[in-house]
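Residue-level listing of the chains:
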Amino acid sequence: MDPRVEKFMANIIAKNAGESEFHQAVQEVAESLVPFIEENPKYKHAKVLERIAEPERVIIFRIPWIDDKGDVQVNKGYRIEMNSAIGPYKGGIRFHPTVNLSILKFLGFEQVFKNSLTTLPLGGGKGGSDFDPKGKSDNEVMKFCQSFMSELFRHIGPDTDVPAGDIGVGGREVGFMFGQYKRLKNEFTGVFTGKGREWGGSLIRPEATGYGTVYFAEEMLKIKGDSFKGKSVTISGSGNVAQFATEKALEFGAKIVTLSDSAGFIYDPNGIDAEKLEYVKELKNIKRGRISEYADKYGVEYYEGKRPWIVKCDVALPCATQNEITEEDAQTLVKNGCFVVSEGANMPSTPDAVEVYLNNRILYGPGKAANAGGVAVSGLEMTQNSMRLSWSREEVDSKLQSIMKNIHETCRKYGVESDGFINYLNGSNIGGFVKVADAMIAQGVV
Ligand code: NDP
């Protein structure tokens, strides 16, 4: 490791003990930025990177609620207000038993760079709880969301901090949280994005992250004079991002052969077509079942406890969770001919896996660039709420496409190497940093 990065990281690790995911996210960015900052001393003198790595504010709170049996339950709630240099804090809420301070700080940190890349005026934040919505009744989820919002409402607002969905938080949860916010504040404002269509939501918001991940991959392929047409694609996850990545890749003429959940993956050699995708949406969003049921219904293989990266493919779209592609998985992917990885999930590849992609010069779109479509359309939802109007599906989709193209161009500009290879990792880190850093310098030491 570069000794300057090592020194910087020693300080981060000492100040944020035990937060391994946060260390991982900061180190990945520091490796791109430390050499860039050396060449641009104004950022060094203002200690911008040191300041970006410290959240502006962290809120941790108790969430008591009563389950259907009448028993009292207690969960932990968090909101990380990471950076507001270029706009109000913006980032999703995650409900998953693995949620802790380290995971939310890593997500908040990534969000700062991602939001900057969108070119929209959005700061970075993230929040959530260790609550597990799986196996809970609608009534229990509502009780929990109301208790969560009974504390969070005093910290957020349409010009302060605007949450959205993430793992375990979809339309149902956003509805319950927005309802409680409105009741407590007596205000109907754009305080949340990912809202229902009838009450201020934007068309294309549910689709945006998955579609955007595919648009970004298509831009990377275009550079090589190639496209999705006829490509074999492995996708992990079967939630919001995975479903709409599948939908767009299908539309672009690809064959999608896998989907997964936390228990295992299905391999469908004939491809997941539009009808099978409808079944997955119904299974996951309404019945809230397991992906193994797909294997029973369509008579395909189900791999219990395994991830899809052992299946041969041209393009891999990890859309489940952090660190789901290890070094060994990356080596298997490359050995089997995979030459595009576009990350729908946040930090799905371990640092060693990323090194495998870069050493093999494959097209690698890191999450902060490739999955920025979700927050970009959230930004468009905020604009529509402020203007009290709503744009058509076509309008939002075409804005999303042009934002993903711009992000790709920013990554190219800052990531192109002397032999023409585009290091999208460096490109996204530096491209996301510059705007935030300049704003922080202009606003003084605050
Ligand atoms: P969902 O909750 O809709 O779906 C998550 C999917 O990933 C489910 O299939 C889930 O399986 C699986 N999964 C979750 N945790 C694990 C785990 N520890 N191991 C294996 N599989 C897991 O979430 P989203 O689709 O919204 O989010 C997926 C990823 O995309 C996350 O990394 C999120 O941060 C990122 N993202 C999401 C955005 C959005 O707009 N929603 C925006 C940008 C990034 P199971 O049902 O078994 O838990």
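Quick caveat: nothing in here was measured; it's all calculated off a predicted structure.

Q: Give a description of the site of the ligand that names residues and reports values.
A: Within the structure, the ligand sits among 25 residues, and Asp 166, Thr 209, Ser 262, Arg 290 and Asn 346 are positioned closest to it. One of the side-chain N or O atoms of Lys 134 is found 3.0 Å from an oxygen atom in the ligand. For the ligand, an oxygen atom lies 2.9 Å from a polar atom in the backbone of Gly 168. Secondary-structure elements contributing two or more residues to the shell around the ligand are helix H8 (205–223), helix H9 (240–251) and strand E7 (255–261). Each residue belonging to the shell around the ligand can be placed in one class, and the counts come to 5 nonpolar, 13 polar and 7 charged. Taken together, domain 1 (57–188) and domain 2 (208–365) each give at least three residues to the shell around the ligand, which thus spans both.

Q: Could you give an account of the environment of Lys 399, naming the residues involved and the relevant values?
A: Positionally, Lys 399 belongs in helix H16 (residues 393–415). For the pair formed by Lys 399 and Val 377, sequence separation is 22 residues and the distance between their alpha carbons is 8.4 Å. Apart from residues no more than four positions distant in its own chain, Lys 399 is found in contact with Leu 380 and Trp 391.

Q: Outline the nonpolar core, listing residues and values.
A: One broad trend across soluble globular proteins is that nonpolar side chains are buried collectively. Phe 216, Phe 228, Ile 235 and Ile 407 are the most contacted members of the largest nonpolar core, which totals 56 residues. No other element matches H8, which puts 8 residues into this core. Two domains share this core, each providing at least three of its residues, namely domain 1 (57–188) and domain 2 (208–365). Setting aside residues up to four positions removed in sequence, Phe 216 forms contacts with Ser 342, Gly 365, Ala 369, Ala 370, Met 404, Ile 407, His 408, Cys 411 and Tyr 424.

Q: Go over a negative patch on the surface with me, naming the residues and quoting the values.
A: Together, Glu 31, Glu 327, Glu 328, Asp 352 and Glu 355 line one region of the surface with negative charge. Counting residues per element, the ones that place at least two in the negative patch are helix H12 (327–335) and helix H13 (351–359). By the element assignment, Asp 352 lies in helix H13.

Q: Help me get a handle on helix H17 (residues 424–442), residues and values and all.
A: Helix length check: H17, at 19 residues, gives a terminal C-alpha distance of 27 Å against a target of 27 Å (1.5 Å per residue), a fit within 8%. Largest kink in H17: about 30 degrees, centred on Val 434. With 14 of 19 residues buried, H17 lies mostly within the body of the structure. Sitting at the head of H17, Asn 423 places a side-chain oxygen 3.1 Å from the backbone nitrogen of Leu 425. Looking one or two residues past H17, Gly 444 carries a phi angle of roughly 80 degrees, positive in sign.

About the thresholds
- Residues numbered from 1 in each chain as written.
- Predicted model: local features only at pLDDT ≥ 70, side-chain atom pairs only at ≥ 80, totals over all residues.
- Heavy atoms only, no water.
- Near = heavy atom within 4 Å.
- Polar contact = N/O pair within 3.5 Å; in protein donor to acceptor, adjacent residues only side chain to side chain.
- Helix = DSSP H or I, 4+ residues; strand = E, 2+ residues; numbered from the N terminus.
- Nonpolar A, V, L, I, M, F, W, Y, C, P; charged D, E, K, R; others polar.
- Domains from an automatic or database assignment.
- Contact = heavy atoms within 4.5 Å.
- Core = buried A, V, L, I, M, F, W, Y, C linked by side-chain atoms within 4.5 Å.
- Buried < 20%, exposed > 50% of the residue type's maximum accessible area, 1.4 Å probe, protein only.
- Patch = residues over 30% accessible without salt bridge, like charges linked within 9 Å, V, L, I, M, F, W, Y side chains within 5 Å.
- Areas by Shrake-Rupley, 256 points an atom, 1.4 Å probe, with all protein chains shown as cover.
- Salt bridge = Lys/Arg side-chain N within 4 Å of Asp/Glu carboxyl O.
- Lys, Arg positive; Asp, Glu negative; His and termini not counted.
- Charge placed at Lys NZ, Arg CZ, Asp CG, Glu CD.
- Expected span 1.5 Å × (residues − 1).
- Bend = angle between axes of the 7 residues up to and from the residue.

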